[in-house]
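The lines below spell out each chain.
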Amino acid sequence: MKALRFPENFVWGAATAAYQIEGAAHDDGRAPSIWDTFSRTPGKVFQGHTGDVACDHYHRHRDDVALMAELGLRAYRFSVAWPRIRPDGTGPVNPRGLDFYDRLVDSLAERGIDPIVTLYHWDLPQTLEDRGGWTNRETAEHFAEYATAVYARLGDRVRTWTTLNEPWCSAYLGYGSGVHAPGVRNPGAAFTAVHHLLLGHGLATRALRAAGAETISITLNPADVQPADPTSAADAAAVRLVDGLQNRIFLDPLLRAGYPEDMLEHVARFVEPTFVRDGDEKLIAAPIDLLGLNFYQPTYVAGRPGADGDDGTYPGTEGVVEFLPPTGTLTDMGWLVEPAGLTRVLERIATDYPGVPLMITENGGAFPDTARTEDGQVADDDRIAYLDGHLRAAHEAISRGVDLRGYLVWSLLDNFEWAEGYRKRFGIVHVDYLTQRRTPKASARWYQEVISRNGL
Ligand code: PNW
């Protein structure tokens, strides 16, 4: 295959999230988050797995950073655990929680690895959920206060700040289908959460900007929504609806200063959108410097009267939209491997929402550890093929003019894969959960080469 070079200064890295890797659930004043509660609720997470220990990264971060350096990572995206920093959500800041991230940022600096900090990767303090969580407008304000506290400690060394990771998941999986924490199933709550998450982003952006943050971003998981039949008008209408629910309802207020009309009408079928107050849209549209995109698979839909819709994730698709079961190569999550979807989604955003640089803040695949070499190493050729395909797709988008600044693989380590617990492995580094031993997989060695060549 053709050799491909990426632009000079292209950012190569890996991503993780606090609850998925840190463990140390009770250390140094951390309070429970909604994921501690949810993972203890019978039937919610595979075999009752929790993040209590996870990869024990909290106690092993030095070694983990050394491993990142060995792999040649230029950037590392991690999230800060809100319940470590402001354990009860509204009370005093906990300096011991900040100390951990202080040490982490210092060890990254020693190795020349650029930190990319995500402020919210789904671990809301439980005390805030007890007051309604993201359905309560005050949560947005508390988020901005928490963001300010983190910036005050790390702002002298961290240049890139991401407010939220995938608000679509927080709102629709957390409050719509309930397959993620806090496990609520209520379409009105899901839409209320969408707005308060975006408001939290806007308020935090205003606070970070005032404090002097250099690069402010948000990470979305836009869908590449495709029609089952490109000539069908019913399928086109289904695409429009799902695109509205997953893409435009976030992108328009962030980058076009207002919610799309069709989405406001759609939301009003479930809840009176009185939670959108005067001035909110202006706050949410505060300029950002970078847009993070997470991509895993495309979404194929058809317009079909009487269709089941899905499990409540996309309110209002019941009886209208059929989500097609993926056919083709699948990952261990059952997700479709179709790298062209990444090119499409990058081009679409660059075209419809021009002017903001993009970064792929997550991309990767879960694959079982069945293939082993003689000495027991993980020979994850399927993951290499996945990553190779998506990097080619990203390169294609760049060559068509998309301003793509970097690529972060999900994930550095095998980790707590939310409702799937530890049974799904996304890492380029294998974790043996009994011994906490880390072993780079073949994909890690492959990625190391890609980084050193700045291409494929
Ligand atoms: C993302 N979906 O989650 C998250 O940002 C990561 O924490 C996670 O480990 C990774 O992708 C792999 O799952 C998603 O159902 C979870 O469409 C679910 C969906 C999408 C993204």
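Every chain is numbered independently, its residues counted from 1 as its sequence is written. It should be noted that, the model being predicted, local features are given only for residues of pLDDT at least 70 and side-chain atom pairs only at 80 or more, the latter also being counted only at that level, while totals for whole chains, interfaces and linings use all residues. Side-chain measures here rest on the full set of heavy atoms in the structure, leaving out hydrogens and waters.

Identification of the protein chain as Beta-glucosidase from Micromonospora pallida is taken from an unreviewed UniProt entry. UniProt positions are given in the numbering used here, feature names are shortened, and annotations may be inferred rather than shown by experiment. The UniProt entry for the protein chain carries this comment under Sequence similarities (unreviewed entry): "Belongs to the glycosyl hydrolase 1 family." The UniProt entry for the protein chain carries the following comment under Catalytic activity (unreviewed entry): "Hydrolysis of terminal, non-reducing beta-D-glucosyl residues with release of beta-D-glucose."

(A) Region of interest: the UniProt feature "active site" (unreviewed entry) in the protein chain. The sites that carry the UniProt feature "active site" (unreviewed entry) are, in the present numbering, Glu-166 and Glu-362. Their sequence span is 197 residues, while the largest C-alpha to C-alpha distance among them is just 10.5 Å; these annotated residues converge on one region. A helix here means a DSSP run of H or I that spans at least four residues, while a strand means a run of E at least two residues long, and both kinds are numbered starting from the N terminus. Tracing the backbone shows Glu-166 in the loop between strand E4 (160-165) and helix H8 (167-175). The contact rule is simple, with two residues in contact once any of their heavy atoms fall within 4.5 Å. For Glu-166, the residues in contact, after removing those within four places along its chain, are Trp-122, Thr-219, Leu-220, Asn-221, Asn-294, Tyr-296 and Glu-362. You can see Glu-362 is positioned in strand E10 (residues 358-362).

(B) How the structure looks around the sheet that holds strand E3 (residues 114-120). Judged by pairing direction, the barrel is parallel, and its 8 strands sit side by side in the order E1-E2-E3-E4-E5-E7-E10-E11 before closing back on the first. With direction set aside, neighbouring strand axes in the sheet form an average angle of 25°. The sheet contact formed by strand E5 (residues 215-220) and strand E7 (residues 290-294) spans 4 bridges and is parallel. Following the sheet pairing, Ser-217 is matched in E7 by Leu-290. Here the axes come from fitting lines to C-alpha atoms, over the contacting stretch only for helices, and the angles between their N-to-C directions go from 0 to 180 degrees. Where helix H10 (residues 233-255) meets the sheet, it contacts E5 and E7, and its direction lies at approximately 160° from that of E5. Against the sheet, helix H15 (residues 442-453) touches strand E1 (11-15) and strand E11 (404-410), its axis set at about 155° to E1. A strand pair is defined by DSSP finding two or more bridges across the two strands.

(C) Broad picture of the site of the ligand. Nearness is judged by heavy atoms alone; a residue qualifies as near a molecule or strand once a single heavy atom is within 4 Å of it. Looking at the ligand, there are 16 residues lining it, with Gln-20, His-121, Glu-362, Glu-417 and Trp-418 nearest. Residues adjacent in sequence count toward polar contacts only when both atoms are side-chain atoms; beyond that, a polar contact is any pair of N or O atoms within 3.5 Å, and within protein one must be able to donate a hydrogen and the other to accept it. Side-chain polar atom of Gln-20 to an oxygen atom of the ligand: 2.8 Å apart, as the coordinates give it. In this structure, an oxygen atom belonging to the ligand sits 2.8 Å away from a side-chain N or O atom of Trp-418. For the accessible areas, the method is Shrake-Rupley and the probe is 1.4 Å, while residue cover comes only from the protein chains on display. Relative to its unbound accessible area of 460 Å², the ligand is 86% covered by the protein chains. For the shell around the ligand, the element with the highest residue contribution is H8, accounting for 3 residues. Of the residues that constitute the shell around the ligand, the class distribution is 9 nonpolar, 4 polar and 3 charged. In the scheme used here, Gly and all other residues not listed as nonpolar or charged are polar, with Ala, Val, Leu, Ile, Met, Phe, Trp, Tyr, Cys and Pro taken as nonpolar and Asp, Glu, Lys and Arg as charged.

(D) Local environment of the environment of Arg-40. When you line up the elements, Arg-40 lands in the loop between helix H2 (34-39) and helix H3 (57-71). Considering only alpha carbons, one finds Arg-40 and Gly-13, 27 residues apart in sequence, at a separation of 33 Å. Residues within four places of Arg-40 in sequence aside, it is in contact with Thr-50 and Asp-52.

(E) Here's a closer look at the sheet that holds strand E9 (residues 321-323). If you walk across this open sheet you meet the 3 strands as E6-E8-E9, and the pairing is mixed. Every other strand in the sheet has two partners, leaving strand E6 (225-227) and E9 as the edge strands with one partner each. The mean angle between the axes of side-by-side strands here comes to 40°, regardless of whether they run parallel or antiparallel. With 3 bridges connecting them, E6 and strand E8 (residues 299-303) associate as parallel partners. Paired with Val-225 across the bridge in E8 is Thr-299.

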